[in-house]
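Here is how the chains run, residue by residue.
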Amino acid sequence: MGRQRRRIPSAVPVALSVVVAVALSGCSDSGGGDKKDESQQTASDFLAAWQAGDTAKASGLTDDPTKAKAGLDAAAAQIQLRGAEYTAKGYTKADGDKPGSLAYHSKITVQGIPTPVEFDSAVPVLKRDGKTLVHWQSTIVHPAYVDGAKFTNSRKSFDRASILDRNGQPLVGAQPVVVIEIWPSKMTNPDAVYAALRDPVFGGVDVDKLKARVAASPPDNAVSVVTLRKAVFESQAQPKLRNLSGIKLTDSTRQIAADAGQQLIGTVGEATKEILAKKGYENAGPGDQVGTSGLQARYQSTLAGVANAKVTIKPPTGNEVVLAEVQGKQGTPVKTTIDPKMQSQAEKSVKISNDKNAAIVALDATTGEILAAANNPPNGSNRAFEGQYAPGSTFKTVTSAALLQAGMKIGDPAECSETLVVNGQTFKNYDGLKPIANATFQQDFMQSCNTGFISQRDKLKDDTLNKTASDLFGIGQQWDVGASTFDGSVPPANSPNDKAASMIGQGRVVASPLVMASVAASVDSGTFNQPILVSDPALKRLPSKGLPPEVANQLKSLMQSVATGGTAAPSLAGIPGTVGAKTGTAEFSENGQTLTNGWMIAFKNNIAIAVLVEHGESGGKAAGPIVADFFRNIP
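The rules behind these values
Residues numbered from 1 in each chain as written. Predicted model: local features only at pLDDT ≥ 70, side-chain atom pairs only at ≥ 80, totals over all residues. Heavy atoms only, no water. Helix = DSSP H or I, 4+ residues; strand = E, 2+ residues; numbered from the N terminus. Rg over C-alpha atoms; globule rule 2.2 N^0.38 Å. Buried < 20%, exposed > 50% of the residue type's maximum accessible area, 1.4 Å probe, protein only. Contact = heavy atoms within 4.5 Å. Salt bridge = Lys/Arg side-chain N within 4 Å of Asp/Glu carboxyl O. 1 Å grid on protein atoms, 1.4 Å probe; cavity = no way out; pocket = protein on both sides within 12 Å on 5 of 7 lines; lining within 4 Å. Points joined across faces, edges and corners; volume = space filled by probe spheres on them. Nonpolar A, V, L, I, M, F, W, Y, C, P; charged D, E, K, R; others polar. Polar contact = N/O pair within 3.5 Å; in protein donor to acceptor, adjacent residues only side chain to side chain. Disulfide = S-S within 2.5 Å. Phe/Tyr/Trp six-rings, centres within 6.5 Å; stacked < 30°, edge-to-face > 60°. Core = buried A, V, L, I, M, F, W, Y, C linked by side-chain atoms within 4.5 Å. Pairing = 2+ DSSP bridges. Axes fitted to C-alpha atoms, helices over the stretch in contact; angles between N-to-C directions.

Visitor: If you had to explain the overall build of the chain to someone new, which residues and values would you point to?
Guide: Along the backbone of the chain there are 21 helices and 25 strands. Rg of the C-alpha trace for the chain: 33 Å, well past the compact-globule value of 26 Å for 635 residues, more than 25% over. Judged by the C-alpha coordinates and their principal axes, the chain covers about 110 × 65 × 45 Å. Buried positions account for 51% of the 635 residues belonging to the chain.

Visitor: Could you give an account of the environment of Val 232, naming the residues involved and the relevant values?
Guide: Counting through the fold element by element, Val 232 comes out in helix α6 (residues 230-241). Residues contacting Val 232, with those up to four places away along its chain left out, are Val 201 and Ala 237.

Visitor: Quick rundown of the pattern of salt bridges? Include the residues and the values.
Guide: Within the structure shown, the criterion is met by 20 salt bridges. For Asp 73, the salt bridge is made with Lys 69, and the minimal N-O distance between the two is 2.6 Å. A residue pair is termed a helical-turn pair when its members lie 3 or 4 positions apart in one helix, as Asp 73 and Lys 69 do in helix α3 (residues 65-79) at four residues. In this structure, Glu 617 and Lys 621 form a salt bridge, with 3.2 Å as the shortest nitrogen-oxygen distance. By the burial criterion, Glu 617 is exposed, and Lys 621 matches it.

Visitor: Before we move on, could you go through empty space enclosed by the protein and cite the residues and values that matter?
Guide: Considering all chains together, one arrives at two cavities of 30 Å³ or more under this definition. A volume near 100 Å³ is recorded for the largest cavity. Lining the largest cavity are Trp 50, Leu 72, Ala 75, Ala 76, Ile 79, Leu 81, Tyr 86, Ser 106, Ile 108, Phe 119, Val 141 and Phe 151. Mapped onto the lining of the largest cavity, the elements with two or more residues apiece are α3, β2 (81-92) and β3 (100-110). In terms of residue count, the dominant contributor to the lining of the largest cavity is α3 (four residues). Its residues placed into classes, the lining of the largest cavity shows eleven nonpolar, one polar and no charged. Roughly 50 Å³ of volume is contained in the second largest cavity. Lining of the second largest cavity is provided by Lys 461, Asp 462, Thr 464, Leu 465, Val 490, Pro 491, Pro 492, Ala 493, Lys 499 and Ser 502. Every element with two or more residues in the lining of the second largest cavity is listed here: α16 (464-473) and α17 (496-503). Broken down by class, the residue content of the lining of the second largest cavity amounts to five nonpolar, two polar and three charged.

Visitor: If you had to explain the environment of Asp 206 to someone new, which residues and values would you point to?
Guide: Topologically, Asp 206 is positioned in the loop between α4 (190-197) and α5 (207-216). Overall, the relative accessible area of 39% leaves Asp 206 in the partly exposed class. Note: C-alpha distance between Asp 206 and Val 225 (19 residues apart in sequence) is 9.3 Å. In this structure the side chain of Asp 206 is engaged in a polar contact, spanning 3.3 Å, whose partner is the backbone nitrogen of Asp 208.

Visitor: Please set out the state of the cysteines residue by residue, giving values where relevant.
Guide: Per the counting criterion, the structure on display carries one disulfide. Disulfide pairing is shown between Cys 416 and Cys 449; the S-S distance is 2.1 Å. Here the S-S torsion is close to 105 degrees, and the disulfide linking Cys 416 with Cys 449 is therefore right-handed. Within this pair, whereas Cys 416 is found in the loop between α13 (396-405) and β18 (419-422), its partner Cys 449 is found in the loop between α14 (441-447) and α15 (450-454), the two being separated by 33 residues in sequence.

Visitor: Just give me the short version of the packing of aromatic side chains, but keep the residues and values in it.
Guide: For the coordinates displayed, the defined rule picks out ten aromatic pairs. Plain terms: the ring middles of Trp 50 and Tyr 104 are 6.1 Å apart, the flat faces sit at 75 degrees to each other, and that makes the pair edge-to-face. Of the two residues, Trp 50 sits in helix α1 (residues 38-51) while Tyr 104 sits in strand β3, which places them 54 residues apart along the sequence. Across the pair, Tyr 104 and Trp 50 agree in class, each one buried. Consider the rings of Tyr 145 and Phe 151, whose centres lie 4.6 Å apart with planes at 25 degrees: the pair is stacked. There is no split in this pair, since Tyr 145 and Phe 151 are both buried.

Visitor: Break down the nonpolar core for me, with residues and values.
Guide: Soluble, globular proteins show a tendency: their nonpolar side chains are buried together. With 108 residues, the main nonpolar core has Phe 385, Phe 473, Leu 555, Leu 572, Ile 609 and Phe 630 as its most contacted residues. Of the residues forming this core, the biggest block, eight residues, is contributed by helix α18 (residues 513-525). Not counting the four nearest positions on each side in its chain, Phe 385 is found in contact with Leu 264, Val 361, Ile 370, Ala 373, Ala 483, Ser 484, Thr 485, Phe 486, Ser 512, Leu 514 and Leu 533. Within the second largest apolar cluster, 39 residues are counted, among which are Ala 84, Ala 88, Ile 140 and Leu 323.

Visitor: Tell me about the sheet that holds β3, and name the residues and values.
Guide: The strand order across the open sheet built from four strands is β2-β3-β4-β5, with neighbouring strands paired in antiparallel fashion. The open sheet has two edge strands with one neighbour each: β2 and β5 (131-134). Averaged over all adjacent pairs, the angle separating strand axes in this sheet is 30 degrees, with direction ignored. Both strand β4 (residues 117-128) and β5 contribute to a ladder of four bridges, which runs antiparallel. Among the inter-strand pairings, Arg 128 is bridged to a residue of β5, identified as Lys 131.

Structure below.
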């Protein structure tokens, strides 16, 4: 075979779906119209089974099933096959001792190659002992894939691009690491190697799965084990691998984020078979370092770029046949809106919650840009963005907007009684709040009086809160901030009780800290600006929308009164600047007990934040100190 060579520009997109139906409308050069004889049908059935990935069925149609299955499976593993489409062409009937042959066109998608690899080959068919069988030979796979030949899918990746802060500086730094791999053909004492790798210093390697991957790998292909920081490798791991053959060590660098930032930035890890099968990882290859969570996963293809890659057939003798060659492309940095100083402070402030789960989100109120987000503990779920919690009395900000639009004034009377019964259900205030004589709407807001708000329920329709939350604050709409988020839910009320509960941020109302930080930002700026974490590449955001001026002004005044003389005053006393806040204590049931989460949303000098503390006694006591510490330590 002559040398086949094709350069593929990396910018061309790839189609990865496996085509199940084989186009087998080829014609016979011996006439007979479209009717297939038995040999042609057998060849067609072979191609159909092979394309469907059923190599056992395909091999069963050959004169050497064992060798055929081994050959088909080896070829797929060597080339790193993702999908295939085999289209029949002309069929030539048998002629004397010469077997029949079905020509076909192969169009395969291969891991790490952006466009399909295409070539022509043929399936020979003969009769043996009265049976029609495919005559197995490795050249069915490709004319150059003779016995003893191997496919190669080699690649050289570029260093991964950085995730940047708002100033263009990396949020994660390149750290020296050592990549540990196994070279199966050079491993003389596998038991000793696997025993050594069970040591905890190697990060909990699943040795049983590693053995299976090594067994399935070609002997001369390195199998990735783990990547360790160089300092850890040299001080702890290297002594355990001394004198063991078959261990391949490579010095490299990896982008490693601080633990506190991993929920936002995400993590990078080895590309497993399961990861490579996902959308967005078409250009990656086995053993590559790929994004596994957070921004690293969302922007995998952007950050990784396209590796230099080449797919070849290496025959036992002679020159290799190049099936495809890709000129790679360096990845592109992703720029975020994170302010590094505020992020650092958020990570410090949220730890005030000690052993309680907590989250903090800070926004630029004038733009919606996310300046900081942190969780305690700094691992596990990103509750700051994805948490789903009843927002409690912080939601009274949204309820107040609805009441103001309904014509209520902040000086209007709104009785704050000890309890209020709605359709047989008793609502009460938080512990410690006594009835307020001659209470006004503003006093109810300042002291977070549940009964005062619920007493105004007849001013709102069943769908009013749903519409106000969505239209003025974007709650429940689909936000694309650049990361996975929960964007809140405020269903229309389905009963008087449901409406009453919704008015105080209970019942079926659910929000994340990010959503409630956005509410505070909207009140501060007078405009809803959908939050955003990634500024480049640009995202499609919801359009900004101003709150009605008379509503915005009164809401801001209400939140300022909470900070100066209401439930947030003890925590925020002495904070300089124009400060507004709203506390919240949200009840929930757990194991038959009624427990509470503590909330506070606040703004100061165009910075809006939300803090949640799980199992917090109250918003002022649990979340207040975190808000105060953050505001005191930012410009």
